[in-house]
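The residues making up each chain are set out below.
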Amino acid sequence: MKTVIKEIIICALDRAKRAGELELGNPPDVVIEKPKDEKMGDFATNVAMTLARKERKNPKVIAAIISRHMETGVAGLDSVEIAGPGFLNLKMSPSFFLNRLTDAVQQRNDFGKSSVGQGIKILIEFVSANPTGPLHIGHGRGAAVGDTLARILKKAGYDLSTEYYVNDVGNQMNTLGRSTWLRYLELLGRTKEFPKDHYRGEYIKDIAQSVIDQQGNEFLDKSEEECVPFFREIAKEKILEGIRQDLSDFRVTFDNWFSEQSLYEDNSVERAIEWLRDKGHIYDKDGAVWLKSSAFDDDKDRVIVKQTGEKTYFCSDIAYHQNKIKRGFKKLINLMGADHHGYVPRMEAVLQAMDYDKNIFKILLIQFVSLLRGGKKVSMSTRSGEFETLSDVVSEVGVDAARYFFLMRSSDAHLDFDLELAKQETPENPVFYIQYAHARICSIFRGSKDKGIQFPENTNVDLSPLVEEEEYSIIKAILTFPEVVEKSALALEVHRISHYLLDLVSRFHGYYSRHRVISDDIPLTLARLYLLDGLRVTIRNGFDLMGISVPEKM
RNA sequence: GCGCCCAUGGCUCAGCUGGAUAGAGCGACGGUUUGCGGUACCGUAGGUCGGAGGUUCGAGUCCUCCUGGGCGCGCCA
């Protein structure tokens, strides 16, 4: 919608230039915004102010020149006014908005789509939790944000893929296997000391029990060396299965699950090291192999092969990201918990060492979540293994509320997740407030049907009976949806959608309480139903992006 | 010590590449309904945008310093 307005301004600037009234060396970047107050107009621009310096003219003078070159009555433009320090406020004709509402409604599920992404191939990697235990609440936030971001980017026209990187290599996996084996022995009455740094969660005992159920005491008298590999594999599989299940219950799916192990199996890791060595980014010191990451803004160099000959996690990550780029992705987005932020510079260093533009790589840090119950913090004692799991939270508050709460705040701000509030079915709970609006609209449609009013599904309705200021304010709000999606995509910010929907829906509730939709005035009724249809489409599309359901009845 | 994130009414947060008089919700106080879902609506009070400088036509937004809180700084992943 704003692009249309932009055209109008650019056109006027062009005319002013040809008339010799403005210099306009480089075409200015025209920014269209909403006036402070709706009464001032429908759109505003500050071009006159941004041009003031270059043109060496008073902003108000420039504004006057531009406005003189704008044609009212054309392209839906009703009037132009100069306001404040040099704003141009534009008023549009009613038909301008009504036509666009019709477009929006007809697009149905596609409303909100755009092409800013230009089909660019993007890979977004998120969650990627180690397969050593169930997903906790922090992973949940990452999952919700990553999944929603993926949906938003797709809607904005990117060619998007999602991936989960499985860290199925390394010490932690052996520790996992050993933990399970020890629990197995314990369950069979042969207690050994359980080391502090091993995985103590109940889920380990469950896995050990399942081994007993299926294979009895077969491993009771075998050596540790014989047992650990077996227990490692079975535990990994069970846990991964659980993670997949938790995620799918949470409406999060991945296009690909990428195994770290596979990078060793096909020698990618070796090749990446050799490649970097040839380029001179690697050196040997103290019996270890180091990457000269300090040459690229990292604090210090990093070990990629330990004295023991084992590769570090960071080492396979180099191969992994090289692999991503080789698969043709033009932009890589990684979501990580904020506690890993120290990892950012070294990853950026890797990309640069490989001669890639570091701007193709974007790490989004997701800040911590605090669970609250009745305003009080729920303590998370990870030491005992009794932390709040994602699945516990989801089963307590439901997927819709959980996703909404994870998505309602800017990702780089700490999140207070109030379990009690999330469960409430009252307007204080924004999820229900929005869902309620949708259900209410659906209810009105049911009511109109009962009254025998035929709402034409696929044809246009005469919208001229819509004359109320509130109706236009709702229409305008609906029409900004594509811009919200676009901006969310460009800024990689998911919380904008929830804020937008909340605002949209509160306009509707206010309107509803002051105006009747269904009345004896059939043309008016149809026009208002059409407006509500637009609202319904927008709410649904917005919640689709967030992965939240839109019930027709509650 | 170094680095990253955060700081906006009593509480939880918005504030879109710097723009017009800083906005919501909750809580508080006061109202609204014999009509489509009151699981709703309307109004009032409440702010030196953590502090101090700076950049400019203009700063909650950008820069510097400081304070307070969170998180990192492994041949762990």
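The residue numbering used here restarts from 1 in each chain and proceeds along that chain's sequence as written. Chains and ligands are labelled sequentially in the order written, the chains with letters from A and the ligands with numbers from 1. Owing to the predicted nature of the model, reporting of local features is limited to residues with pLDDT of at least 70; listing and counting of side-chain atom pairs is limited to 80 or more, with chain, interface and lining totals taken over all residues. Each side-chain value is derived from all of the structure's non-hydrogen atoms; neither hydrogens nor water enter the calculation.

(A) Local environment of the domain arrangement of chain A. Domain segmentation is taken from an automatic or database assignment of domains. Assigned domains of chain A: these are domain 1 (2-92), domain 2 (124-165 + 252-366), domain 3 (171-249) and domain 4 (426-546). Between domain 2 and domain 3, the C-alpha centre-to-centre distance is 28 Å. Pairs of residues are marked as contacts when any of their non-hydrogen atoms sit within 4.5 Å. Contact residues are listed per partner, giving 14 residues for domain 2 and 14 residues for domain 3. Both sides together, the interface formed by domain 2 and domain 3 hides about 1200 Å², and carbon and sulfur atoms give 66% of it. For the domain 2 face of the interface with domain 3, the top three residues by lost area are Pro131, Thr132 and Trp257, together amounting to 49%. Pairing of N or O atoms within 3.5 Å defines a polar contact, subject to two protein rules: one partner must be a possible hydrogen donor and the other a possible acceptor, and residues neighboring in sequence count only if both atoms are side-chain atoms. If you look at where domain 2 meets domain 3, you find 3 residue pairs in polar contact (both at pLDDT 80 or more). Accessible area, probed at 1.4 Å, shrinks when two parts are joined; the buried area is that loss added up over both.

(B) Summary view of the sheet that holds strand E5 (residues 121-125). What makes two strands pair is DSSP finding at least two bridges between them. Labels follow the DSSP assignment, with helices taken as runs of H or I lasting at least four residues and strands as runs of E lasting at least two, numbered in each case from the N terminus. The strand order E7-E6-E5-E11-E12 describes an open sheet built from 5 strands, whose pairing is parallel. With one partner strand each, in any of the chains shown, strand E7 (256-259) and strand E12 (361-366) form the two edges of the open sheet. Taken over all neighbouring pairs, the strand axes of this sheet differ in orientation by 25° on average, direction set aside. Direction of pairing for strand E6 (residues 159-166) relative to E7: parallel, over a ladder of 4 bridges. Looking across to E7, one finds that Val166 is bridged to Ser259. Here the axes come from fitting lines to C-alpha atoms, over the contacting stretch only for helices, and the angles between their N-to-C directions go from 0 to 180 degrees. Together, E5, E6, strand E11 (331-337) and E12 form the strand contacts of helix H5 (residues 137-155), whose direction differs from that of E11 by roughly 160°. Contacts between helix H11 (residues 313-326) and the sheet are confined to E5, E6, E7, E11 and E12, with E6 contributing the most and set at about 160° to the helix.

(C) Layout of the pattern of salt bridges. Just to be clear on terms, a salt bridge is a Lys or Arg side-chain nitrogen sitting within 4 Å of an Asp or Glu carboxyl oxygen. For the structure on display, the rule yields 30 salt bridges. A salt bridge links Arg327 to Glu163, with the nearest nitrogen and oxygen atoms 2.7 Å apart. In this pair, Arg327 is assigned in the loop between H11 and E11 and Glu163 in strand E6, connecting sequence segments 164 residues apart. Relative accessibility under 20% of the residue-type maximum defines a buried residue, over 50% an exposed one, and the middle range a partly exposed one, all with a 1.4 Å probe and only protein chains included. Taking relative accessible area as the criterion, Arg327 reaches 30% and is therefore assigned partly exposed. Note that Glu471 is salt-bridged to Arg528, the shortest N-O span being 2.8 Å. Remark: Arg528 occurs in helix H20 (residues 522-546) and Glu471 occurs in helix H17 (residues 469-479); sequence separation between them is 57 residues. The exposure class assigned to Glu471 is buried, which follows from its relative accessible area of 0%.

(D) Main features of the sheet that holds strand E15 (residues 415-418). Pairing is mixed in the open sheet, where 3 strands are placed in the order E14-E13-E15. A single partner strand is all that each edge strand has here, and the edge strands are strand E14 (376-377) and E15. Looking at chain direction, strand E13 (residues 369-373) and E15 are connected through 4 bridges and run parallel. Looking at the pairing, Leu371 lines up with Phe417 of E15. Along the sheet, helix H14 (residues 399-407) makes contact with E13 and E15, crossing E15 at roughly 155°.

(E) Examining the nonpolar core more closely. Here, nonpolar core refers to any group of buried Ala, Val, Leu, Ile, Met, Phe, Trp, Tyr and Cys residues whose side-chain atoms link them within 4.5 Å. Core analysis: the largest hydrophobic core is formed by 134 residues, its most contacted members being Phe250, Phe406 and Phe417. Among the elements that make up this core, the one with the highest residue count is H20 (12 residues). For Phe250, the residues in contact, after removing those within four places along its chain, are Gly140, Ala143, Ala144, Leu390, Val394, Val399, Ala402, Arg403 and Phe406. Leu276, Leu332, Tyr343 and Met347 belong to the second-largest nonpolar core, a separate cluster that totals 34 residues.

(F) Spotlight on the protein's contact with RNA strand B. Being near a molecule or strand, for a residue, comes down to having at least one heavy atom within 4 Å of it. Around RNA strand B, the surrounding shell holds 63 residues, and the nearest of these are Phe87, Lys306, His341, Pro427 and Tyr436. Within 4 Å of the protein, atoms of RNA strand B come from sugar and phosphate in 61% of cases. Within the contact set of RNA strand B, a sugar or linking oxygen lies 2.8 Å away from a backbone nitrogen or oxygen of Asp412. Mapped by element, the contributors of at least two residues to the surface near RNA strand B are helix H2 (47-55), strand E4 (87-92), helix H16 (430-450) and helix H19 (495-514). If you tally residues by element for the surface near RNA strand B, the top one is H19, at 8 residues. Looking at the surface near RNA strand B, its residues break down into 22 nonpolar, 22 polar and 19 charged. In this classification, Asp, Glu, Lys and Arg are treated as charged, Ala, Val, Leu, Ile, Met, Phe, Trp, Tyr, Cys and Pro as nonpolar, and every other residue, Gly included, as polar.

(G) Structural detail: helix H3 (residues 59-68). Among the residues of H3, those classed as buried are Ile62, Ala63, Ile65, Ile66 and Ser67. Buried residues along H3 sit against helix H1 (2-18), H2, strand E3 (77-83) and E4.

(H) Examining the packing of aromatic side chains more closely. Ring pairs are drawn from Phe, Tyr and Trp, using the six-membered ring of Trp, whenever the two centres fall within 6.5 Å, and their geometry is named by plane angle: stacked under 30 degrees, edge-to-face over 60, tilted for the rest. Tallied over the entire structure, the rule returns 29 aromatic pairs. Consider the rings of Phe314 and Tyr343, whose centres lie 5.9 Å apart with planes at 85°: the pair is edge-to-face. Highlighted residues: Phe314 in helix H11 and Tyr343 in the loop between E11 and helix H12 (344-353), separated in sequence by 29 residues. A residue is classified by how much of its surface remains accessible, and Phe314, at 4% relative accessible area, is buried. Residues Tyr404 and Phe405 carry aromatic rings whose centres are separated by 6.5 Å and whose planes lie at 65° to one another, so their mutual orientation is edge-to-face. Like Tyr404, the residue Phe405 is buried in the burial classification. Through pairs of rings, three or more aromatic residues link up here, namely Phe250, Tyr404, Phe405, Phe406, Phe417 and Phe543. Lying across the ring of Phe329, Lys121 places its NZ or CZ 4.7 Å from the centre. Charge-over-ring contacts are defined here by two conditions on Lys NZ or Arg CZ: a distance within 6 Å of the ring centre and an angle within 35 degrees of the ring normal. We note Arg536 situated over the ring of Phe445; from NZ or CZ to the ring centre the distance is 4.0 Å.

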